[in-house]
Amino acid sequence: FPVSVSKSVRKPHYMTLTEQKKIGFHAPDYLRNAIVILTEMGLRPFKELMPMKKSHVDLENSVVHIPDSKTPNGIGDMPMTMVAREAFAAQIDATPNSEYMFPSPCKKAKNPYITTLRKVWARTLEQAAVSYFPIYHLRHTFATRLSAGGVADHFVTQMLRQGDSQVFK
């Protein structure tokens, strides 16, 4: 007999503007810049943003080149908002001696860029008195804000650079 199995699906957290202000107040500068960029552009934090090189950021034309992504649709150029542009500019200014946007603070690190934000993210959420949610959920916040602003689902899916439009549902 077929048995119906209920899969527990964790609902993504959609960060409110109030939460974003609280988190931003307690976050170190580099994390604050990352939060702004992730919520304004919907980048994948560890596949696209953290390993990003400064040479991939064109502030003059407000465009970011994404050379490597989870899906083929994710590779290419992406426009940035003015708020994201300011965060990129601040991060570039904060890291003058590195080719990476988010260089690793540890000189003996395996990778030349930050590969995890787990501890600093959890500590910042705790200090801001915001319940824990994974930083990846900022991608959901980006999509939710677009939808709330009246952007059609088809375009939101394209802006998320998804390989399959069903993922958005």
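For clarity, every value in this text was computed on a predicted model and none was experimentally measured.

1. Considering the packing of helix H2 (residues 29-41) against helix H5 (residues 118-127)
The relative placement of two packed helices comes down to the angle between their axes together with the axis-to-axis distance. H5 packs onto H2 with a crossing angle of 90° between their chain directions and a minimal axis gap of 11 Å. In terms of their interaxial angle, H2 and H5 are classed as roughly perpendicular. Contact residues: H2 offers Tyr30, Leu31 and Ile35, while H5 offers Val120, Trp121 and Thr124.

2. A few points about the pairing of strand E2 (residues 63-66)
If a strand is regular, its side chains alternate between the two faces of the sheet. Of the two faces of E2, the one holding Val64 and Ile66 is buried and the one holding Val63 and His65 is not buried anywhere. Across two bridges, strand E1 (residues 57-58) lies against E2 in antiparallel orientation. When the sheet's bridge partners are listed, Asp58 is paired in E2 with Val63. Hairpin connection from E1 to E2: four residues lie between these consecutive antiparallel strands, with Ser62 at a positive phi of about 55°. Note: E2 against strand E3 (residues 76-79), four bridges, orientation antiparallel. Among the inter-strand pairings, Val64 is bridged to a residue of E3, identified as Met78.

3. Considerations on helix H1 (residues 17-26)
By the burial criterion, the buried members of H1 are Glu19, Gln20, Ile23 and Gly24. Taken down its axis, H1 places every buried residue within 130° of arc, on the same side. Projecting away from the buried face of H1 at angles above 90 degrees are the exposed residues Thr18, Lys21 and Phe25. Buried residues in H1 make contact with H2, H5 and helix H6 (138-148).

4. Topic: the packing of H6 against helix H7 (residues 153-160)
Across the interface, H6 lies against H7 with an axial gap of 10 Å and an inter-helix angle of 150°. As the angle between them shows, H6 and H7 are arranged roughly antiparallel. Crossing geometry of H6 relative to H7 is assigned as right-handed. In contact with Arg139, Phe142, Ala143, Leu146 and Ser147 of H6, H7 contributes Asp153, Val156, Met159 and Leu160.

Reading guide: rules and limits
- Residues numbered from 1 in each chain as written.
- Predicted model: local features only at pLDDT ≥ 70, side-chain atom pairs only at ≥ 80, totals over all residues.
- Heavy atoms only, no water.
- Axes fitted to C-alpha atoms, helices over the stretch in contact; angles between N-to-C directions.
- Helix = DSSP H or I, 4+ residues; strand = E, 2+ residues; numbered from the N terminus.
- Parallel < 35°, antiparallel > 145°, perpendicular 65-115°, else oblique.
- Contact = heavy atoms within 4.5 Å.
- Buried < 20%, exposed > 50% of the residue type's maximum accessible area, 1.4 Å probe, protein only.
- Pairing = 2+ DSSP bridges.
- Arc of directions from axis to C-beta.
- Left-handed = near helix turned anticlockwise from the far one by under 90°.

Remember that the coordinates give geometry; whether it matters functionally is a separate question.
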